[in-house]
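Chain by chain, the residues:
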Amino acid sequence: MFTKFFQKPTQQQQQQQQQRNEAEGSLTPADFNPRIDFHYGIPSTASILAFDSIQSLLAIGTLDGRIKVIGGDNVEGLLVSPKQLPFKNLEFLQNQGFLASVSSDNEIQVWDLENRVLASALQWGSNITSFSVIYGTSYMYIGSEHGDVTVLKYYADDRKILQLPYYIPANIISDEDGMSLPDQLSVIGVLHQPCSPGNRILVAYENGLIILWDASEDQVVLVRGSKDLELKYKTVVDCVKGTKHDLPDHLSNQNQMEKEISSLCWASENGSVLAVGYVDGDIVFWDISNDVSSKDWGPEESADSVVKLQLASGNRRLPVIVLHWSMTGSCNHQGGQLFVYGGDQIGSEEVLTVWF
């Protein structure tokens, strides 16, 4: 007797029932399609941020695939990814009304902020280890676990993300400088150098190697690495004690060992100074305004090119996983403030947060 209650109606029966409901003014199944029109506040499990400085928009990505966008004049919106996965990267296409994200399963997504929809998605074939957008454009850099860098572009008219034929191969260092690299070397960061002649791209690898690539000349113009950290010539700033001192020779030799990069950002408006955070808790400022290759360095060039920032002196030193530089309007293009976040991961119980 319960069969008629649990038996699924046919399509014809559903259409007839819907017509009767519409004629009687009753609710139809289409009326029960819940969706989020408004959302207020910060969502839980927030894990990553992005900011559009021109439109004053803040995007907050969560661990379950949501993105909250907040702006002036009480602007708030919630974007929900089809996949309930964390975001590895989140960046605005500045002043263009689009937001780019990379999910933990390496899907690249571009969101249409005006219509609050997912405009395009591209599934990447390898693990994405770095992602960045060229400021003011729709060009994107993808760094992979295999050490190569690929260029993508989002075409708003066609609503498509397309891979461009230009890329930086993984073996570029060994070809240019005769350096041997491991079979798998992840790209930790890719940054477009502002105010540079031509199209220069800075690429940082997991093993501490940093290169500056000139796309117009199709060649490496600068190489830096752990071997260049001859800190016995440098001033080391101890932020805990507020002192400055020269590093002893035996500690200098220890620091010339391979150092693993965990984060980086430009520390000047014109791209002449690079701030690099390491897994061992060190922060190093590199002066890359001089295009002289590290193999041609002399003591004078070496002494003026690197400054180490020491945040902690104890045995427990947290990896520097977030670095962000904010300009202060200095006329020499180098004044600003640096935000540092140290920890095993975002949301760890033990973290270090510094703003100076």
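Along every chain, residues carry numbers that run from 1 in the direction the sequence is written. Whole-chain, interface and lining totals are the exception, using all residues; otherwise, since this is a predicted model, local features are given only for residues with pLDDT of at least 70 and side-chain atom pairs are given and counted only at 80 or more. Computation of side-chain values: all heavy atoms of the structure, hydrogens and water removed.

### Examining the overall build of the chain
For clarity, the cut-off: Only DSSP runs of H or I reaching four residues or more are called helices, and only runs of E reaching two or more are called strands; each is numbered from the N terminus. Each residue's exposure class comes from its accessible area (1.4 Å probe, protein chains only) as a fraction of the maximum for that residue type: buried when under 20%, exposed when over 50%, partly exposed otherwise. For this analysis, residues touch if any pair of their heavy atoms sits within 4.5 Å.
When its secondary structure is counted, the chain shows five helices and 25 strands. Within the span of the chain, comprising 356 residues, buried residues form 44% of the whole. Once local pairs closer than 6 in sequence are excluded, the contacts in the chain between residues at least 24 apart make up 43%.

### Thoughts on the confidence of the model for the chain
Applied cut-off: Looking at any residue, its pLDDT shows the predictor's confidence there, from 0 to 100.
Averaged over every residue, the pLDDT of the chain is 78; the share at 70 or more is 67%. The secondary structure element of the chain with the lowest average pLDDT is helix α1 (residues 3–6), at 34, and the one with the highest is strand β7 (residues 107–112), at 97. Low pLDDT, under 50, characterises residues 231–235; the predicted model gives this stretch 21 contacts beyond four residues in sequence or across chains. Considering only residues more than four positions removed or in separate chains, one finds that residues 247–256, a stretch of pLDDT under 50, has 20 contacts.

### Digging into the pattern of salt bridges
Basically, it comes down to this: Counted as salt bridges are all cases of a side-chain nitrogen of Lys or Arg within 4 Å of a carboxyl oxygen of Asp or Glu.
Tallied over the entire structure, the rule returns nine salt bridges. A salt bridge links Arg66 to Asp64, with the shortest nitrogen-to-oxygen separation between them at 3.1 Å. What makes Arg66 buried here is its relative accessible area of 18%. Residue Asp105 pairs with Lys83 through a salt bridge whose shortest N-O separation is 2.8 Å. Taken together, the positions of Asp105 in the loop between β6 (98–103) and β7 and Lys83 in the loop between β4 (75–80) and β5 (87–93) put the pair 22 residues apart, joining distant regions of the chain. Overall, Asp105 belongs to the partly exposed group, its relative accessible area being 25%. Overall, Lys83 belongs to the partly exposed group, its relative accessible area being 28%. Through salt bridges with shared partners, a single network forms among Lys259, Asp280, Asp282 and Lys308.

### Quick notes on the nonpolar core
Under the convention used in this document: Buried Ala, Val, Leu, Ile, Met, Phe, Trp, Tyr and Cys residues that are joined via side-chain atoms within 4.5 Å together make up what is termed a nonpolar core.
By size, the foremost hydrophobic cluster in this structure holds 18 residues, and its most contacted members are Val203 and Tyr205. Of all the elements, strand β14 (residues 200–205) adds the most residues to this core, at three residues. Within the second largest apolar cluster, 17 residues are counted, among which are Leu191, Leu202, Leu212 and Ile288.

### Structural notes on the environment of Pro43
If you trace the backbone, Pro43 turns up in the loop between α2 (11–24) and β1 (46–52). Accessibility expressed as a relative area gives 6% for Pro43, which makes it buried. Residues Pro43 and Thr62 lie 19 residues apart in sequence; the distance between their C-alpha atoms is 7.3 Å. Aside from chain neighbours lying at most four places away, what touches Pro43 is Thr62, Arg66 and Lys68.

### So, the pairing of β4
To be explicit about the condition: Whether two strands pair comes down to DSSP finding at least two bridges between them.
Alignment of strand β3 (residues 66–71) against β4, held across six bridges, turns out to be antiparallel. Among the inter-strand pairings, Ile67 is bridged to a residue of β4, identified as Leu79. In textbook terms, the turn of a hairpin is the stretch between consecutive antiparallel strands, and for β3 and β4 this stretch comprises three residues, one of which, Asp73, has a positive phi near 55°.

### Quick notes on the UniProt feature "repeat: WD" (unreviewed entry) in the chain
Test applied: UniProt positions are given in the numbering used here, feature names are shortened, and annotations may be inferred rather than shown by experiment.
Taken from the UniProt record, the annotation "repeat: WD" (unreviewed entry) applies to residues 90–121. Each end of residues 90–121 is marked by a C-alpha atom, and these two atoms are 14 Å apart; helix forms 0% of the span and strand 66%.

### Brief notes about the sheet that holds strand β10 (residues 139–144)
Under the convention used in this document: All axes here are fitted lines through C-alpha atoms, helices being fitted over the stretch that makes contact, and every angle between N-to-C directions spans 0 to 180 degrees.
With antiparallel pairing, four strands are arranged side by side in an open sheet as β9-β10-β11-β12. Both edges of this open sheet fall to β9 (128–133) and β12 (160–168), since each of them pairs with a single strand only. Neighbour-to-neighbour, the strand axes of the sheet open up by a mean angle of 25°, direction not taken into account. In this structure, strand β11 (residues 149–155) lies alongside β12, joined through six bridges in antiparallel fashion. Bridge pairing in β12 places Thr150 opposite Tyr167.

### Overview of the sheet that holds strand β15 (residues 210–214)
In spatial order, the strands read β13-β14-β15-β16; together these four strands make up an open sheet with antiparallel pairing. Both outer strands of the open sheet, β13 (187–192) and β16 (219–224), are each paired with one neighbouring strand and no more. Here the average twist between neighbouring strands, direction ignored, is 20°.

### Comments concerning the pairing of β7
For β7, a buried count of six out of six residues is recorded, marking the element as mostly surrounded by other parts of the structure. Residue alternation in β7 divides its side chains into two sets, Glu107, Gln109 and Trp111 and Ile108, Val110 and Asp112, and both sets are buried. Examined bridge by bridge, β6 and β7 share five bridges and lie antiparallel to one another. Among the inter-strand pairings, Phe98 is bridged to a residue of β7, identified as Asp112. Linking two consecutive strands that pair antiparallel, namely β6 and β7, is a turn of three residues; a positive phi of about 70° is found at Asn106 within it. Strand direction decides the pairing type here: β7 and strand β8 (residues 117–123), joined by six bridges, are antiparallel. Residue pairing in the sheet places Val110 in a bridge with Ser120 of β8. Connecting β7 to the next strand, β8, in antiparallel fashion are four residues, including Arg116 with a positive phi near 55°.

### Quick look at the packing of aromatic side chains
What counts, and what does not: Any two of the Phe, Tyr and Trp rings considered here, Trp counted by its six-membered ring, make a pair once their centres fall within 6.5 Å; the pair's planes then place it as stacked at under 30 degrees, edge-to-face at over 60, or tilted in between. For a ring to carry a charge above it, either NZ of a lysine or CZ of an arginine must fall within 6 Å of the ring centroid while also lying within 35 degrees of the normal to the ring plane.
As enumerated under the stated definition, the model contains one aromatic pair in all. For Lys259, the ring lying beneath its charged end belongs to Tyr278, and the centroid distance is 4.8 Å.

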